[in-house]
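Breakdown of the fold
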Amino acid sequence: MSTAQYTYEKPMIRRLNSGLMNKFAGASPNQRKVKSEIAGVAVEDLVAAYGSPLFVYSEKTLRRKFRSMKQAFATRYPDVTFGWSYKTNYLKAICAILHQEGAIAELVSKMEYEKAKALGIEGKNMILNGPHKPFATLEAAVRDGVTINIDHLDEIEDLEAIATQIGQTIAVGIRLNLDAGIQPCWSRFGFNLESGQAMEAVHRIVSGGKLQIKGLHSHIGTFIMEPEAYARQVEKMIEFGYAIESAYGWRMEYIDIGGGFPSRSRLKGTYHAAEVLTPAIDDYADAICDAMWANLKSGHTPKLILESGRAVIDEAGSLITSVCSTKRLPDSTRAYVLDAGVNLLFTSFWYNFDISLGQPVNGECEQSVLYGPMCMNIDVIAESIALPALSRGDRLVVSTVGAYNNTQWLQFIEYRPNVVLITESGDVELIREAEDLGDLERRERLPARLAIAHLEKV
Ligand SMILES: *Cc1c(COP(=O)(O)O)cnc(C)c1O
């Protein structure tokens, strides 16, 4: 890299716009940040020890973020519980850190339920949500005392059958979907409030005589930029809860408002820096807790449950990737092939990532394209990003990638790489080992008649 300053660079002319406003909220599009360390550890040292690409989590950032969110709510309302949304990131070490901080497990499938159980989480510290709860999982969850939020009518029937089996009434929650002013309205989960479907479900539960409603759940969407939407959600949920109470005498023990807070990532189509756009967590806590106090009857403080995923973990995760090749496209655009693409960064379909240089690079920035390693046209990490001329082997650090990537990453074309955690004291711990062929083929069976020795030479 020391010879980079002598390599040929295409001359370019750029108009000076000094003194003009730009739509990038102050950050010049012609500079690229350098991030040569992550949580105090040099990017080069990380790559030397664990290879590239590499996912890196900062334990300090994660704990700090979780504590500040918890604090924002705990100072405004007396009974708050956080449920960790496993699907956002279910690496064991990440879940364990959040459980250590006091989060319970929020689960949406048999697999996640089994994962939390294997990690040692007790049923009373689990919430089971989601549209697909196999009968045997429901049975086990009831036995373990898990909080179950019912998604649909068939689940009511399943739970009634289980109540009959065990000869006991089962306490349940029901999931509502409602119009909080957020489009699209996620009407596919739970029972719709405004149409009367939710109250019909309550009647149905009452007439069965085997279940008892003790809580309400709803999750209005993800990346919700409007704190006031949660205030509308809380108001509607509480009003519905009191309608149930006055009809059947069941008092709400908990109100679970789901997740959906934004992280500091930029959604495609937004120009400003995330710091400028994203409301602070205190704005959400204010809107939510004010709505609780304004609508609850005096002396009634049901447990407030939050299931924030993205906002908790996104900033703690980074991905180091390396330039494998540099190209010029026929229209003269500069392009790079990286060793990480949409296989590892599933969220690149809707995020503009914060991408920094892993080392200083000299030269003027030029709009460039970043491709991943897939032999697939859609494998693009950044369609147009200002970068100085990179060389093969240069590192980039992609930030705010802790949410949804290590669960949605693909076992497709490439092996999935190492994941490390940087501890609060700056040590590096391997929390998921890079895959090899054995991981991919463990479940495959090759019928003996197809063994290569029996095939004709091709
Ligand atoms: C996915 C999910 C969450 C977490 O959502 P975020 O947008 O990541 O905060 C919470 N609750 C339920 C039921 C979910 O499905």
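Residues numbered from 1 in each chain as written. Predicted model: local features only at pLDDT ≥ 70, side-chain atom pairs only at ≥ 80, totals over all residues. Heavy atoms only, no water.

**Examining the confidence of the model for the chain**
In low-pLDDT segments, the atomic positions of the prediction should not be examined closely. When pLDDT is averaged along the chain, the result is 93; 92% of the residues meet or exceed 70. Within the chain, strand β21 (residues 419–422) carries the highest mean pLDDT (99), whereas helix α9 (residues 274–277) carries the lowest (73). (pLDDT = per-residue confidence, 0-100. Helix = DSSP H or I, 4+ residues; strand = E, 2+ residues; numbered from the N terminus.)

**Observations concerning the site of the ligand**
Lining the immediate environment of the ligand, one finds 16 residues, of which Lys87, Thr222, Gly260, Glu307 and Tyr404 sit closest. A distance of 2.6 Å is found between an oxygen atom of the ligand and a side-chain nitrogen or oxygen belonging to lysine 87. With respect to the ligand, the backbone of glycine 309 contributes an N or O atom lying 2.8 Å from an oxygen atom. Alone, the ligand offers 390 Å² of accessible surface; in the complex the protein occludes 95% of this. In a pocket analysis with a 2 Å cut-off to the grid points, the ligand is assigned to the second largest pocket. Its residues placed into classes, the shell around the ligand shows one nonpolar, 10 polar and five charged. (Near = heavy atom within 4 Å. Polar contact = N/O pair within 3.5 Å; in protein donor to acceptor, adjacent residues only side chain to side chain. Areas by Shrake-Rupley, 256 points an atom, 1.4 Å probe, with all protein chains shown as cover. 1 Å grid on protein atoms, 1.4 Å probe; cavity = no way out; pocket = protein on both sides within 12 Å on 5 of 7 lines; lining within 4 Å. Sits in = over half its atoms within 2 Å of the grid points. Nonpolar A, V, L, I, M, F, W, Y, C, P; charged D, E, K, R; others polar.)

**A word on helix α7 (residues 197–208)**
With 12 residues, α7 extends 17 Å from end C-alpha to end C-alpha; this agrees with the ideal 16 Å at 1.5 Å per step. For α7, the complete set of buried residues consists of Ala198, Ala201, Val202 and Ile205. Projected down its long axis, α7 shows its buried positions confined to an angular sector of 100 degrees, all on one face. Among the exposed residues of α7, those oriented more than 90 degrees off its buried face are Glu200 and Ser207. Elements that come into contact with the buried residues of α7 comprise β7 (147–150), α6 (153–166), β8 (170–177), β9 (191–192), β10 (211–217) and α8 (227–248). In the segment just after α7, glycine 209 is the residue with positive phi, at about 70 degrees. (Expected span 1.5 Å × (residues − 1). Buried < 20%, exposed > 50% of the residue type's maximum accessible area, 1.4 Å probe, protein only. Arc of directions from axis to C-beta. Contact = heavy atoms within 4.5 Å.)

**Regarding the pairing of β21**
Along any regular strand the residues' side chains alternate between the sheet's two faces. Covered by surrounding structure in β21 are Val419 and Leu421 together with Val420 and Ile422, the residues of both alternating faces. Pairing analysis gives four bridges linking strand β3 (residues 54–58) to β21, with the strands arranged parallel. Within the sheet, the bridge partner assigned to serine 58 lies in β21 and is isoleucine 422. Relative to strand β22 (residues 428–432), β21 runs antiparallel, the two sharing four bridges. Bridge pairing in β22 links valine 420 to leucine 430. (Pairing = 2+ DSSP bridges.)

**What to know about the pattern of salt bridges**
Side chains bearing opposite charge may pair, as long as their charged atoms lie close to each other. Using the criterion set out here, one finds 21 salt bridges in the structure. One salt bridge connects glutamate 366 with arginine 328, and the closest N-O pair in it is separated by 2.8 Å. Of this pair, glutamate 366 sits in strand β18 (residues 366–371) while arginine 328 sits in strand β14 (residues 317–328), and the two are 38 residues apart along the sequence. Among the residues examined, arginine 328 registers a relative accessible area of 37% and is labelled partly exposed. (Salt bridge = Lys/Arg side-chain N within 4 Å of Asp/Glu carboxyl O.)

**Details of the packing of α8 against helix α10 (residues 281–295)**
Taken N-terminus to C-terminus, the directions of α8 and α10 make an angle of 25 degrees; their axes are 8 Å apart at the nearest point. The pairing of α8 with α10 is recorded here as roughly parallel in orientation. In this structure, the crossing between α8 and α10 has a hand that is right-handed. The residues of α10 that touch α8, namely those facing Pro227, Glu228, Tyr230, Ala231, Val234, Glu235, Ile238 and Tyr242, are Asp283, Tyr284, Ala287, Ile288, Ala291, Met292 and Asn295. Class assignment for the residues of the contact of α8 with α10 results in 11 nonpolar, one polar and three charged. (Axes fitted to C-alpha atoms, helices over the stretch in contact; angles between N-to-C directions. Parallel < 35°, antiparallel > 145°, perpendicular 65-115°, else oblique. Left-handed = near helix turned anticlockwise from the far one by under 90°.)

**Focus on the packing of aromatic side chains**
Enumeration according to the criterion identifies 14 aromatic pairs in this entry. Arranged with centres 5.6 Å apart and planes meeting at 80 degrees, the rings of phenylalanine 55 and tryptophan 409 form a pair that is edge-to-face. Remark: tryptophan 409 occurs in the loop between α12 (405–408) and β21 and phenylalanine 55 occurs in strand β3; sequence separation between them is 354 residues. Overall, the relative accessible area of 0% leaves phenylalanine 55 in the buried class. (Phe/Tyr/Trp six-rings, centres within 6.5 Å; stacked < 30°, edge-to-face > 60°.)

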